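# Inside the fold
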Amino acid sequence: MIRPSNSLLARAPVVLRRSFSTGIPRRNDHLPTTNSPIITKLDFFNSVTGNDTQIPTYRLLDGVGKPLDGAQLPEIDEAFAHRLYSNMQLLPTLDNVLYNVQRQGKISFYMTAHGEEATIVGSAAALDMQDEVLGQYREMGVLLWRGFTLDSVMAQCFGNEEDTSGKGRQMPVHFGSPEHHFHTISSPLATQIPQAAGVAYALRRSPTRRSKNIAACFFGEGAASEGDFHAGLMLASTIPSPALFIARNNGFAISTPSTEQYNGDGIASRGPGYGIDTLRVDGNDVLAVISAIREARKRCLEQGRAVLVEAMTYRVGHHSTSDDSFAYRARSEVEDRKRIDNPITRFRLFMESRGWWNNDAETELKARLKADVMKAFKRAETMKRAELGELFTDVYGGQEPWNIKEQRQELSRLVKKYGTIWEPWQKELSKFRNNGQDLMK
Ligand SMILES: Cc1ncc(C[n+]2csc(CCOP(=O)(O)OP(=O)(O)O)c2C)c(N)n1
Ligand SMILES: [Mg+2]
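None of these values were measured; they are calculated from a predicted model.

### Looking at the overall build of the chain
Within the chain, the regular secondary structure consists of 13 helices and 10 strands. The C-alpha extent of the chain, read off along each of the three principal axes, is 85 × 65 × 45 Å. Relative to its full complement of 441 residues, the chain shows a buried share of 39%. Contacts in the chain between residues far apart in sequence, at least 24 positions, make up 73% of those at least 6 positions apart.

### Let's talk about the confidence of the model for the chain
Where the model shows low pLDDT, its predicted coordinates should not be examined in detail. On average, residues of the chain carry a pLDDT of 93, and 93% of them reach 70 or more. Contacts of residues 1-16 to residues separated by more than four positions or lying in other chains number 13 contacts, the stretch itself having pLDDT below 50.

### Comments concerning the packing of helix α2 (residues 78-103) against helix α3 (residues 117-126)
Interhelical geometry of α2 versus α3 gives an angle of 135° and a closest axis separation of 10 Å. Taken together, α2 and α3 sit at an angle that is classed as oblique. Read as a crossing pair, α2 and α3 show a hand that is right-handed. Counting all contacts with α2, which are made through Leu 84, Asn 87, Met 88 and Leu 91, the residues of α3 involved are Glu 117, Ala 118, Val 121 and Ala 125. In terms of residue class, the contact of α2 with α3 is built from six nonpolar, one polar and one charged.

### Here's the deal with the packing of helix α5 (residues 150-158) against helix α11 (residues 359-381)
Remark: α5 packs on α11, axes separated minimally by 9 Å, with the N-to-C direction vectors making an angle of 45°. Viewed along their axes, α5 and α11 adopt a mutual orientation that is oblique. Here α5 and α11 pass one another in a crossing that is right-handed. Contacts between α5 and α11 pair Leu 150, Asp 151, Met 154, Ala 155 and Phe 158 from the former with Asp 372, Val 373, Ala 376, Phe 377, Arg 379, Ala 380 and Glu 381 from the latter.

### A closer look at the pairing of strand β10 (residues 307-312)
Counted residue by residue, β10 has six buried out of six residues, so it is predominantly covered. Neither face of β10 is left uncovered, since the one carrying Val 307, Val 309 and Ala 311 and the one carrying Leu 308, Glu 310 and Met 312 both have all their residues buried. Where strand β6 (residues 243-249) lies against β10, six bridges are found, and the strand directions are parallel. The residue of β10 that forms the bridge with Phe 245 is Leu 308. Two elements, strand β9 (residues 277-282) and β10, share six bridges in a ladder whose sense is parallel. Pairing of Asp 282 across the sheet is with Met 312, part of β10. In this fold, the crossover linking β9 to β10 by way of helix α8 (residues 286-303) has right-handed handedness.

### Some thoughts on the site of ligand 1
Taken together, 15 residues lie around ligand 1, and Leu 189, Gly 220, Gly 222, Ala 223 and Ala 253 are the ones closest in. A per-class count over the shell around ligand 1 returns six nonpolar, five polar and four charged.

### Focus: the sheet that holds strand β5 (residues 215-220)
The strand order β4-β3-β5-β6-β10-β9 describes an open sheet built from six strands, whose pairing is parallel. The sheet terminates laterally at β4 (182-183) and β9, the two strands that pair on one side only. Against the sheet, helix α6 (residues 192-205) makes contact with β3 (132-134), β5 and β6, and its axis sits at roughly 170° relative to β5, the strand it touches most.

### Focus on the domain arrangement of the chain
Domain parsing of the chain yields domain 1 (78-382) and domain 2 (388-439). For domain 1 and domain 2, the distance between their C-alpha centroids amounts to 35 Å.

### Comments concerning the nonpolar core
Formed by 94 residues in total, the largest nonpolar core has its most connected members in Ala 200, Ala 215, Cys 217, Ala 243, Leu 244 and Val 309. Counting residues per element, this core draws most heavily on α8, which supplies 10 residues. If near-sequence neighbours (up to four positions away) are discounted, Val 309 is found in contact with Ile 246, Leu 279, Val 281, Ala 292, Ile 293 and Ala 296. One finds Leu 388, Val 415, Leu 429 and Phe 432 within the second-largest nonpolar core, a separate group that totals five residues.

### Quick notes on α11
Taking 1.5 Å per residue, 23 residues should reach 33 Å; α11 reaches 33 Å between its end C-alpha atoms and fits that length. Where α11 is concerned, the buried positions are Leu 369, Val 373, Phe 377 and Ala 380. Taken together, the buried residues of α11 touch α2 and α5.

### With respect to the UniProt feature "domain: Dehydrogenase E1 component" (unreviewed entry) in the chain
When the UniProt feature table is mapped onto this chain, "domain: Dehydrogenase E1 component" (unreviewed entry) is found at residues 87-385. Across residues 87-385 one finds 43% helix and 11% strand; the C-alpha atoms that close the span lie 29 Å apart.

### Looking at the environment of Ala 247
Within the fold, Ala 247 resides in strand β6. Sequence separation of Ala 247 and Gly 283 is 36 residues, and the distance between their C-alpha atoms is 9.9 Å. Ignoring sequence-local partners within four residues, the contact set of Ala 247 consists of Phe 219, Glu 221, Ala 224, Ile 267, Leu 308, Glu 310 and Ala 311.

### With respect to the pairing of β6
Of all seven residues in β6, seven are buried; the element is thus mostly enclosed. Burial along β6 is two-sided: Ala 243, Phe 245, Ala 247 and Asn 249 facing one way and Leu 244, Ile 246 and Arg 248 facing the other are all buried. Bridging between β5 and β6 involves six bridges; their strand directions are parallel. Within β6, the residue paired with Cys 217 across the bridge is Phe 245. Read as a crossover between parallel neighbours, the route from β5 over helix α7 (residues 227-238) to β6 is right-handed.

Definitions and limits used
Per chain, residues are indexed from 1 in the order of the written sequence. Working convention: letters from A go to chains and numbers from 1 go to ligands, in the order in which they are written. The predicted nature of this model means local features are confined to residues of pLDDT at least 70 and side-chain atom pairs, given and counted, to a pLDDT of 80 or more, with totals for whole chains, interfaces and linings taken over all residues. Here a helix means four or more residues in a row that DSSP labels H or I, a strand means two or more in a row labelled E, and each is numbered from the N terminus. Counting other C-beta atoms within 10 Å of a residue's C-beta gives its exposure: the residue is buried at 20 or more, exposed at 12 or fewer, and partly exposed in between, where C-beta atoms are placed from the backbone. Note on contacts: each residue gets a C-beta atom placed from the backbone, and two residues are in contact if those atoms are within 7 Å. On a scale of 0 to 100, pLDDT captures the predictor's confidence in every residue. To define axes, lines are fitted to C-alpha atoms, for helices over the stretch in contact only, and angles between the resulting N-to-C directions are given on a 0 to 180 degree scale. Here the word oblique covers every angle except those under 35 degrees (roughly parallel), over 145 (roughly antiparallel) and from 65 to 115 (roughly perpendicular). Crossings are classed by handedness, with left-handed meaning an anticlockwise turn of the near helix from the far one by less than a right angle and right-handed meaning a clockwise turn. Gly falls in the polar group here, along with every residue not listed as nonpolar (Ala, Val, Leu, Ile, Met, Phe, Trp, Tyr, Cys, Pro) or charged (Asp, Glu, Lys, Arg). Strand pairing is defined by DSSP finding a minimum of two bridges between the two strands. Look down the strands so they point away from you; if the path from the first strand over the helix to the second goes clockwise, the crossover is right-handed. Placing the C-beta atom from the backbone, one calls a residue near a molecule or strand if that atom lies within 6 Å of it. Domain ranges listed in this record stem from an automatic or a database domain assignment. For this entry, the nonpolar core is defined as buried Ala, Val, Leu, Ile, Met, Phe, Trp, Tyr and Cys residues connected by C-beta atoms within 7 Å. The span one expects for a helix is its residue count, reduced by one, times 1.5 Å. UniProt positions are given in the numbering used here, feature names are shortened, and annotations may be inferred rather than shown by experiment.

Now the structure itself:
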């Protein structure tokens with residue numbers, strides 16, 4: 001094929017045509033040489049800021065909760081501040097109880113959000129309740145902010161008959177709730193990122209939700225090493241959609257520190273590569289997170305385009321109950337972070353400076369949260385699992401496929417054979433509602 005030379009293309013007339021997929025007018029003046037200034041110096045570059053400095057971090061409160069000079073705080077009243085603070089405190093309360101419950105062998109697994117309370121609760125508070133949320137796994141705080149109950153949290157972690165997330169068929173912390181616009185967590189990292197681009201595009205195409213709701217997608221800096229991160233951002237960038245990508249940069253992907261995960265300037269540096277408006281925020285400053293996410297959300301809706309926010313924080317807890325982080329980081333590093341840059345303390349000190357909080361309120365809140373969590377735990381502990389046959393329902397939408405039918409028949413055959421005569425099977429079946437009788441018919 002004979003290709004016209006660049007110079008011929010550069011002189012080609014500008015023709016506006018509509019993109020087939022998005023309906024957005026496109027110009028043919030997009031060729032690499034058209035708008036780029038010409039230089040004669042071999043000026044390689046490797047910095048988003050253009051002067052080798054790191055991307056700045058948006059912050060409003062200092063380490064002791066004092067507003068920085070020139071900081072414009074988001075408008076919050078005392079009641080809202082209390083709601084923020086109690087939601088932030090609820091996370092470690094739940095984490096402490098469920099961590100111990102896992103150690104007692106009562107649940108199989110758990111992950112805490114220790115250290116990331118401001119990023120999670122601040123984002124939740126800045127989103128609309130109807131925005132679609134696609135999380136990674138540490139974002140239970142978003143669900144709690146939206147009214148997901150402690151009983152529902154326990155039901156999911158215990159996998160009991162009240163588990164509306166997945167009928168007890170998922171690992172603990174794999175929450176999902178259509179009612180709360182929270183898409184079910186899936187373990188393989190970064191799968192939620194291209195899905196979020198698709199959800200956002202669906203929102204844009206929906207006559208009732210266009211310009212009203214966005215898709216907010218949380219992921220860790222580790223997940224951003226997956227191909228799906230790039231696929232997702234590319235998709236949201238080229239087929240514009242109101243997708244808000246929230247990277248929780250907590251310093252670790254299990255044992256791999258962020259310094260070994262990338263050679264560039266964090267995750268934020270990748271946004272401009274995709275033509276995506278980007279901001280880095282202090283993820284331990286809840287007020288900065290609220291302002292950043294509110295503004296990012298507004299941009300998503302006004303421009304109908306994706307936005308990336310990188311929240312800088314620190315994973316204080318172990319990666320999960322399957323991890324001992326002191327095998328790869330010093331205990332003193334964690335203690336220092338808890339002391340020097342604690343998101344909960346920073347906000348508490350801010351509230352105290354406004355006269356909105358004191359020691360009595362703190363003691364009362366902690367006691368109340370602990371009692372609420374313990375009550376939900378004790379209730380969940382005694383509950384049965386769903387009927388055994390529920391294992392096979394709602395696996396796929398529509399007609400049940402042959403393989404699910406076959407599996408149900410096989411289990412039914414085995415339960416009939418051993419369920420009435422063999423003690424280990426009887427013991428296991430007694431954990432299910434109706435003791436597995438539904439499959440013995
Ligand atoms: C595709 C895939 N690879 C590996 C894993 C195992 N894995 C689970 S969590 C995790 C670390 C993720 O780190 P990050 O995204 O930074 O999230 P964080 O745990 O720090 O919140 C890894 C490697 C996985 N779940 N999926
Ligand atoms: Mg991480």
